[in-house]
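Working through the structure, step by step
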Amino acid sequence: MTLHPEQLGRSKQELAATLKELRQRAGLSGARLAVRCNMSQSKISRIENGKTPANPVDVEQILRALDAPPDVLARVAELVRLAHTEWQDLRSLRRRGLQYKQQELAGMEAGTVEFRYFLLSMITGLLSTPEYIRASLAHLGGDQSRLIARKLSRQEVLYDARKRFTFLLSEMAVRWPLISAPAMAVQLDRLASVSRLPNVRIGVIPLRGRMPVAPMDTFTIYDKSLVTIETTSGVLVIRDPRDVVMHVEAFSTMESYALFGGDARAQLERWSDDFRRGA
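Residues numbered from 1 in each chain as written. Predicted model: local features only at pLDDT ≥ 70, side-chain atom pairs only at ≥ 80, totals over all residues. Heavy atoms only, no water.

Structural notes on the overall build of the protein chain
When helices and strands are tallied, the protein chain shows 14 helices and seven strands. Dimensions along the principal axes, computed over C-alpha positions, put the protein chain at roughly 75 × 45 × 35 Å. Counting across all 279 residues of the protein chain, residues that qualify as buried make up 47%. A separation of at least 24 residues holds for 76% of the contacts in the protein chain among residues at least 6 apart in sequence. Counting every atom, the protein chain has about 14,600 Å² of accessible surface; 52% of that belongs to carbon and sulfur. Of the side-chain charges in the protein chain, 40 are positive and 31 negative, and the distance between the mean point of each set is 3 Å. (Helix = DSSP H or I, 4+ residues; strand = E, 2+ residues; numbered from the N terminus. Buried < 20%, exposed > 50% of the residue type's maximum accessible area, 1.4 Å probe, protein only. Contact = heavy atoms within 4.5 Å. Areas by Shrake-Rupley, 256 points an atom, 1.4 Å probe, with all protein chains shown as cover. Lys, Arg positive; Asp, Glu negative; His and termini not counted. Charge placed at Lys NZ, Arg CZ, Asp CG, Glu CD.)

Given below as structure tokens:
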């Protein structure tokens, strides 16, 4: 399925209207459909009015109760996926102010217990030194001191023992020379230091041996309910459980290639020494 950003904003309303239309075509009242689906009539009403997002399980129950034909099933399945997908383009985020995106991320982090980060080409702000963060924002121009401060303050979440973090970093993410060689060495030392926190696992994936599965994106999994995918032009937010499971499986595969614990710290130390020698 091709995702067009302009579709994402109206997909929830379109899904709600489609489900209501299908019920009416089937000649069923909301009450009768509710009985067939083992749902409350109020829930059916909220779904059809777009007040309650229809999750894939609810939609499947409704379509089964309506004996929907295959072509309708395919169309509604596409709407469900679109309704659980949000596109945040970078231009809009910049106009609004990227500090508000930091507030949104802090809110997501506050409500999440288990985090999985796959970092393909850069180090995430939660693990970054101030100099690395400053360099990652340099292309924005102007004074980014408030944004840098917000990113640094978000790092406090790593010290919440109730939460669990797994970070997987490709060798490219770790070694991409975003800042000077001495500063990169300090950045790698920070990775090694954070990896000693009892609730944090940092895995590094050296480019060696055979890895038959190639990752395509940088992504973050929040519990098992939401995935964010970072691209050059924005962020894709996915809530469809099927897509979340797909990313959990991809993460597990990448995890099998990674070094952890003492092995990861030894590798980070070697790369850090390379930067200090200017290698």
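Next comes the rest of the description.
Digging into the packing of helix 3 (residues 30-37) against helix 5 (residues 56-65)
In contact at an axis separation of 9 Å, helix 3 and helix 5 are set at 110° when each is read in the N-to-C sense. Judged by the angle between their axes, helix 3 and helix 5 are roughly perpendicular. Contacts between helix 3 and helix 5 involve Leu33, Arg36 and Cys37 on the former and, on the latter, Gln61, Ile62 and Ala65. Split into classes, the residues belonging to the contact of helix 3 with helix 5 amount to four nonpolar, one polar and one charged. (Axes fitted to C-alpha atoms, helices over the stretch in contact; angles between N-to-C directions. Parallel < 35°, antiparallel > 145°, perpendicular 65-115°, else oblique. Nonpolar A, V, L, I, M, F, W, Y, C, P; charged D, E, K, R; others polar.)

Let's talk about helix 4 (residues 41-48)
Each α-helix winds once per 3.6 residues, and so residues spaced three or four apart point in a common direction. Those residues of helix 4 that fall on the buried side of the exposure criterion are Ile44, Ile47 and Glu48. Considered in projection along helix 4, the buried side chains sweep an arc of 95° and stay on one side of the axis. Positive backbone phi, at 75°, marks Gly50, one or two positions downstream of helix 4. (Arc of directions from axis to C-beta.)

Quick look at the packing of aromatic side chains
Applying the stated criterion across every chain yields a total of seven aromatic pairs. The interplanar angle of 70° and the centroid separation of 5.9 Å between the aromatic rings of Phe115 and Tyr222 together place this pair among those described as edge-to-face. With a gap of 107 residues between them, Phe115 in strand 2 (residues 114-119) and Tyr222 in strand 5 (residues 218-222) connect regions that are remote in the sequence. Side by side, Phe115 and Tyr222 carry an identical accessibility label, which is buried. By the ring-pair criterion, three or more aromatic residues cluster together here, those being Phe115, Tyr117, Phe165, Phe167 and Tyr222. Positioned above the aromatic ring of Phe260 is the side chain of Arg201, whose terminal nitrogen or guanidinium carbon lies 4.1 Å from the ring centre. (Phe/Tyr/Trp six-rings, centres within 6.5 Å; stacked < 30°, edge-to-face > 60°. Lys NZ or Arg CZ within 6 Å of the ring centre and 35° of its normal.)

Quick word on the pattern of salt bridges
Under the definition given, this model contains 12 salt bridges. We note a salt bridge from Arg23 to Glu48, for which the minimum N-O separation is 2.6 Å. Here Arg23, found in helix 2 (residues 11-25), pairs with Glu48, found in helix 4; they are 25 residues apart in sequence, far enough to count as distant. Glu48 matches Arg23 in its accessibility class, with the two residues each being buried. A salt bridge links Arg277 to Asp274, with the nearest nitrogen and oxygen atoms 2.5 Å apart. Here Arg277 and its partner Asp274 are both found in helix 14 (residues 261-277), three residues apart, which amounts to about one turn of the helix. On the accessibility criterion, Asp274 (17% relative accessible area) is buried. Taken together, the salt bridges that share partners define one network made up of Glu171, Arg175, Asp274 and Arg277. (Salt bridge = Lys/Arg side-chain N within 4 Å of Asp/Glu carboxyl O.)

Considering the layout of surface pockets
When its volume is computed, the largest pocket comes out at roughly 1,200 Å³. Around the largest pocket, the lining is made up of 39 residues, and of these Met122, Lys151, Glu230, Thr231 and Val235 lie nearest the centre. Elements supplying a minimum of two residues to the lining of the largest pocket: helix 7 (90-96), helix 8 (98-110), strand 2, helix 9 (130-136), helix 10 (145-154), strand 5, strand 6 (226-230) and strand 7 (234-238). Of the residues in the lining of the largest pocket, the class split is 20 nonpolar, 13 polar and six charged. (1 Å grid on protein atoms, 1.4 Å probe; cavity = no way out; pocket = protein on both sides within 12 Å on 5 of 7 lines; lining within 4 Å. Points joined across faces, edges and corners; volume = space filled by probe spheres on them.)

Considering the sheet that holds strand 2
Strand order in the open sheet made by the seven strands is 1-7-6-5-2-3-4, with mixed pairing throughout. The sheet terminates laterally at strand 1 (85-89) and strand 4 (200-205), the two strands that pair on one side only. For this sheet the average axis-to-axis angle between neighbouring strands, irrespective of direction, equals 10°. Where strand 5 meets strand 6, five bridges bridge the pair, whose relative direction is antiparallel. Bridge pairing in strand 6 links Tyr222 to Leu226. (Pairing = 2+ DSSP bridges.)

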